[in-house]
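Structural overview for review
Chain by chain, the residues:
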Amino acid sequence: MEKIINKDRTLIEPIQEQKGVSQSIDFYKIFRVFLSRWYWVAGTVITSLCLAWLYLWYTPPVYQTSASLKLGESNPAITTGVQIPSQNYNYTDKIQAEGFTLRSNEVILNAVRTLNYRISYFLKGRIRTTELYPHVPFAIEIIKQDSINFDRSLYEVTSADDQHFTFYPVNNEAQKKTYRYNEQITIGNMVFRIKYKILDKGTYQFKFNGKEDFVGRAMNGLSIAEAARFTNVMSLSQKDGNPVFAADILNAIMKEYVRTDVIQRRRSAKQTVDFIDNQLEFIDAQTGKSGRTLADFKKQNKLIDIGSSTAATTAKLSDFEKQKTELTLKQIGIKQLQEQVNANKSRIGASLDLGDGNANGLGNFISQLNLLLASRETKLSQFNRSSPPVKQLEQQIANVKSSIRNIVDGMQKQNLQNIRFIEAQIEGINQRVSNMPVKEQNFVKLQTNFEVNNKVRSYLSEKKLEAEMNAAAIVPGASIVNPAYPSYAAISPNADTTYSTAIFLGLAAGFGLILLVRFLNPYIYDKETVEALTHTPIIGVIRKFPDFIDKDSKQALSLSKPKSVFAESVRSVRTNLSFLASHKASKVICITSEISGEGKSFVTLNLASTLALIEKKVILIAADLRKSKLHKVFGTNNTKGLSSLLSGQTNLADVLVHDSVHHIDFIPSGPVPPNPSELLHSAAMKDLIKTLENDYDYVLLDTAPVGLVSDSIPLIRSSDVNLFVIRSGVSQQRAANIPERLSREYGLNNLAIILNAFGDDALYSNYYTTDYSRGGGNSTYYYSDYSGYSGSGYYDDEDKKWWKFWRRK
C-alpha cells in the first residue's frame, strides 16, 4: 500500500478504495419530477384538445344505416352409396358467398341506376362543403350528354339577379361567366341549362355523374355479416357522408340483389324454354310440311279413308316414333348436364326435366354441388388454391360430381336401352307395313310422319308451358326483413371518443416530453447524481444566489442577505472546512473546476467572506493567470499582481490589496504572462505560499479550470485542501469523475466537491435517495441542500407559495 508524504513531510493516511453509497428509489421524487412541470402536461393536453376540436370541426361526419336480408332455406344433403366427407352446411359460408353477389359491380350499377344520380348538388360553407342529396336547390335540365365521355368537373354557381347567374369551374375561376336562366350552356360533349332562379342563401356547387362514379362509394361503405350464429339472416350496413344516400343506396342494393336472385333462379327454366323454342321451330316446320304432303297424297290418290288394320298400324308406329323422339330429347339433356359438370362451372342446372333422375337424388346433388361451388369462390378470396380449406372443398366437390356422374351415366345407359327397344318395335312394324300395297305403304309413312311431328309438337308445347309455369312460380331466395332508414347520428368522428383520445395523447405527450428532456439532459443538478457518479465526498451544497449577480459579483461578496438560504449554505461549507486538514493551524485551500463558468471564483469569494466574518485572517489569491476577474470585485486594477510577483518584477507589499470593509486581503492575478504554467510551478510560488501560511489562517487559491489547462496541478498537489466546484445545470456528468481521477493520478486524499448554484429543480433531480446510514465514501461530512424548508418561515428569501396566499409574511 503506497504511503503519501505531503509538502510539510507529514505522513498522510494511505488512500483506500471508497465504497459507493447505497441509494434507493424514492417514489415521492418521481412524483415531484412530473409535478414540477405540470404546466407542460397541461399545455400538451390543452393543445391536444384544441387539435381535437379542429378535427371535429373540419372533418365531415360519417353516418351509418343498417338493414337485414333473410336467405332461403338450403336443400339438405342426402345419403348415397358414394362416401362423401361429412360437413356442416351452415349459413356462414352461404352468407359469405352471397356477399360477393351483393358487392358485385352488376348489382351495384343496377342499384345506382334506380337513384337520381346524374347530378350532385353541394352547398359551399366556410369550413366544408355539404352534399345536398336528395334536396335539389335548383333544376338542371340535361339536353345532350355523351353517355361516357363528359365533363365531371365541379362547378360553382351563384345568383347574380332575378334573370342571371354566374357559373365557372371551381378549379378555374378565370372562366367565370354570367348566363341567363334557361340559356343553353355547352361544355365539351354535353349541353344543359339551369331552368329557374337560384336561391340567394348561399353558394352552390354541382357536378355531373355517371353511374360508375358511385360504384366505389357504395362498395367501400357496404359491410355484410351474419346477423347471428346459425341463422339465415344477413346483416347489412352502409356508411356514407350523407345519411339519406346511405339508406337509399342500401335499399336499392337489396332490391337489386333480390331481383338478380330471381333472375338467377329462373335461368334454368329459361334455358329449358329457349331449348324447347328452338325444337318447336323445327318441329312446326316439319309438321306443316308433312301435313301438306299427306293432304296432297290423299288428293292425288283420291283416298278418303283406310282400313282399320292400316289405321292401327299407323297409330302404333306414330306412338313408337313419338317415344323415340322424347328419348332422343332426353339424351340431349343428359349430354348437356354432363358437359356442365365436366366444364367445372360455378353453377349448373338441367335444361330439361330428366324424369327418373330426381328419384335418384340428382336434384339434391345438383343443389349441393352449387352450394359447394359458391363456397369455393368464397374460400378462394381468402386463401390460395393450395391451402387446406380449399383443398378440402375441392375434394368434396369431386365426390359430389362423382355421384352426379354415376347417376347420369346410369340414366344414359337406361335411356339408350329404351331407345334400342323402341327402334326394334319400329323395325317390326315397318316389316309389316312392307307387306301392304304400295299406296297404303306410302300413306302409312306419310300419316305416321305427320302424327309423330304433331305429337312431338304437342309434347314440346306442354313442356314449354310447364317450364313457364315453373318459372312464374319461382320466388326470390331472399327477402328484405328490415329496410334501411336514414340515421342522422354521426358515427364518425365521435366527439366523446375524440376528446378522450386527445386527453390521453396529451397526457402521454406531456409525460413523454418530461422523460425525453430528462433522458437528453447531460448535466448534473443535484447531489444524488454526484454521489452516484463518484466516490469523492461532497463537502457542501451552495444554494442558488437569490438575486441577480452582476458581472463583478460585488453583491455576492458583501453577503447582503445574511439570513437567506444561500448564506446558510455557504456557512455549512465553512463549517465542514474545519474538519479538513484539522491538524493544520493555517490551511491552504485550492478551489478549481472542470471548465470556466462553473462558479469557482464565486464560491471562493463567498467562502472568504464567511471565514472573515468569524474573525479568521483570510487572503485570496487570483491564481488563474490567464483569465481572472477577481480584481474587479475589489475595485482594483490588474496592472500588477501574482504574475508580476512570481516573475520578480515587484514584491509582495506592492501587489497585496487590503479590503477593510470585509477584512479580506487579496492578490490579483496581474498581467497575463507568456508562461503561466511555469510560473505556478516555480519555487517562488512555493515560497509565497509558505510566507502567507505564517500570516493567515486561510490561504484561498482561485485557480484555472483543470479540464482546460494544467496550470493548477502544482497548486492542487501542494494544497492542504482541494475543493472541486460542480455547478448545477452547467457541469456535465463527466465533471464528477475528475476529482477521483486526480486522486488516483497524484495520490491525493484531500479532495472534496462543492455543488454550486443548486436550485432544487425537481425536473432534473435524481429519483434516488442516498442512505447514509449504510456508509459510503462520500457520506463523511454533514451537509444539507436545504430542500423542503422554503416554507418554514425561517429564511428571508423564502418563496411564497401561491396556495398559501392567505398567509402574511
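Report follows, based on the coordinates.

Reading guide: rules and limits
- Residues numbered from 1 in each chain as written.
- Predicted model: local features only at pLDDT ≥ 70, side-chain atom pairs only at ≥ 80, totals over all residues.
- Heavy atoms only, no water.
- Helix = DSSP H or I, 4+ residues; strand = E, 2+ residues; numbered from the N terminus.
- Buried < 20%, exposed > 50% of the residue type's maximum accessible area, 1.4 Å probe, protein only.
- Contact = heavy atoms within 4.5 Å.
- Axes fitted to C-alpha atoms, helices over the stretch in contact; angles between N-to-C directions.
- Parallel < 35°, antiparallel > 145°, perpendicular 65-115°, else oblique.
- Nonpolar A, V, L, I, M, F, W, Y, C, P; charged D, E, K, R; others polar.
- Pairing = 2+ DSSP bridges.
- Left-handed = near helix turned anticlockwise from the far one by under 90°.
- Expected span 1.5 Å × (residues − 1).
- Salt bridge = Lys/Arg side-chain N within 4 Å of Asp/Glu carboxyl O.
- Phe/Tyr/Trp six-rings, centres within 6.5 Å; stacked < 30°, edge-to-face > 60°.
- Lys NZ or Arg CZ within 6 Å of the ring centre and 35° of its normal.

**Concerning the overall build of the chain**
Within the chain, the secondary structure is distributed over 22 helices and 25 strands. Per-residue burial for the chain yields a buried fraction of 44% across its 809 residues. Taking the contacts inside the chain whose residues are at least 6 apart along the sequence as the reference set, 79% of them involve residues at least 24 apart.

**A closer look at the packing of helix H14 (residues 565–577) against helix H15 (residues 600–613)**
Where H14 meets H15, the closest approach of the two axes is 9 Å, and the angle between their N-to-C directions is 75 degrees. It follows that H14 is roughly perpendicular to H15 by the angle criterion. Contact residues: Phe566, Val570, Val573, Arg574 and Leu577 in H14; Phe602, Asn606, Leu607, Thr610 and Leu611 in H15. Considered class by class, the residues forming the contact of H14 with H15 number 7 nonpolar, 2 polar and 1 charged.

**Comments concerning the sheet that holds strand E17 (residues 538–543)**
Ordered in space as E17-E24-E23-E18-E22-E19-E21-E20, the 8 strands form an open sheet in which the pairing is mixed. Across the chains shown, the open sheet's two edge strands, defined by having one partner strand only, are E17 and strand E20 (657–659). Strand-to-strand twist of the sheet, defined as the mean angle between neighbouring strand axes without regard to direction, takes the value 25 degrees. In the sheet, strand E18 (residues 587–593) pairs with strand E22 (residues 698–702) via 5 bridges, with the strands oriented parallel.

**Things to note about the packing of helix H2 (residues 38–58) against helix H11 (residues 495–520)**
Where H2 contacts H11, the axes come no closer than 8 Å and their chain directions differ by 145 degrees. The element H2 and its partner H11 pack so that their crossing is right-handed. Residue classes in the contact of H2 with H11 are distributed as 19 nonpolar, 5 polar and no charged.

**Side note on H15**
Spanning 14 residues, H15 covers 20 Å between terminal C-alpha atoms, matching the ideal 20 Å at 1.5 Å per step. Extensive coverage of H15 is indicated by the burial of 12 of its 14 residues. Restricting attention to buried positions, one finds in H15 the residues Lys600, Phe602, Val603, Thr604, Leu605, Asn606, Leu607, Ala608, Ser609, Thr610, Leu611 and Ala612. The first or second residue beyond H15 is Glu615, which carries a positive phi of 60 degrees.

**Focus: the pairing of E22**
Across the 5 residues of E22, 5 count as buried, placing the element largely inside the fold. Residues Tyr698, Leu700 and Asp702 of E22 are buried on one face, and the alternating residues Val699 and Leu701, pointing to the opposite face, are buried as well. In this structure, strand E19 (residues 618–622) lies alongside E22, joined through 5 bridges in parallel fashion. Looking at the pairing, Ala622 lines up with Asp702 of E22.

**A closer look at unusual backbone geometry**
Of the consecutive residues Tyr133 and Pro134, the connecting peptide bond is found in the cis state with omega at 5 degrees. Positionally, Pro134 belongs in the loop between strand E6 (129–131) and strand E7 (140–145). Look at the link from Ser492 to Pro493: it is a cis peptide, with omega at -5 degrees. Phi at Asn182 takes a positive value of approximately 70 degrees, unusual for a residue other than glycine. For Asn182, a relative accessible area of 40% translates into the label partly exposed.

**Let's talk about the pattern of salt bridges**
Across all of its chains, the model carries 17 salt bridges by this definition. Arg734 is the salt-bridge partner of Glu594, the closest N and O atoms lying 2.8 Å from each other. Remark: Arg734 occurs in the loop between strand E23 (721–727) and helix H22 (738–746) and Glu594 occurs in the loop between E18 and H15; sequence separation between them is 140 residues. With a relative accessible area of 46%, Arg734 lands in the partly exposed category. Notably, a salt bridge pairs Asp624 with Lys600, separated by 3.9 Å at the nearest N-O pair. Here Asp624, found in the loop between E19 and helix H16 (630–633), pairs with Lys600, found in helix H15; they are 24 residues apart in sequence, far enough to count as distant. Residue classification places Lys600 among the buried residues on the basis of a relative accessible area of 8%.

**Things to note about the packing of aromatic side chains**
Here the distance between the centres and the angle between the planes together describe a pair of aromatic rings. Under the defined criterion, the tally for this structure stands at 20 aromatic pairs. Measuring from ring centre to ring centre gives 5.9 Å for Phe138 and Tyr204, while their planes differ by 75 degrees; the resulting arrangement is edge-to-face. One end of the pair, Phe138, is in the loop between E6 and E7; the other, Tyr204, is in strand E13 (residues 203–208), and 66 residues separate them in sequence. No difference in accessibility class separates Phe138 from Tyr204, as the two residues are buried. Ring pairs connect the aromatic residues Tyr121, Phe138, Tyr155, Phe165, Phe167, Tyr179, Tyr181, Phe192, Tyr204, Phe206 and Phe208, which therefore count as one cluster. Note that Arg152 overlies the ring of Phe150, its terminal NZ or CZ placed 4.1 Å from the centroid. One residue, Lys617, lies across the ring of Tyr696, its end atom 5.4 Å from the ring centre.

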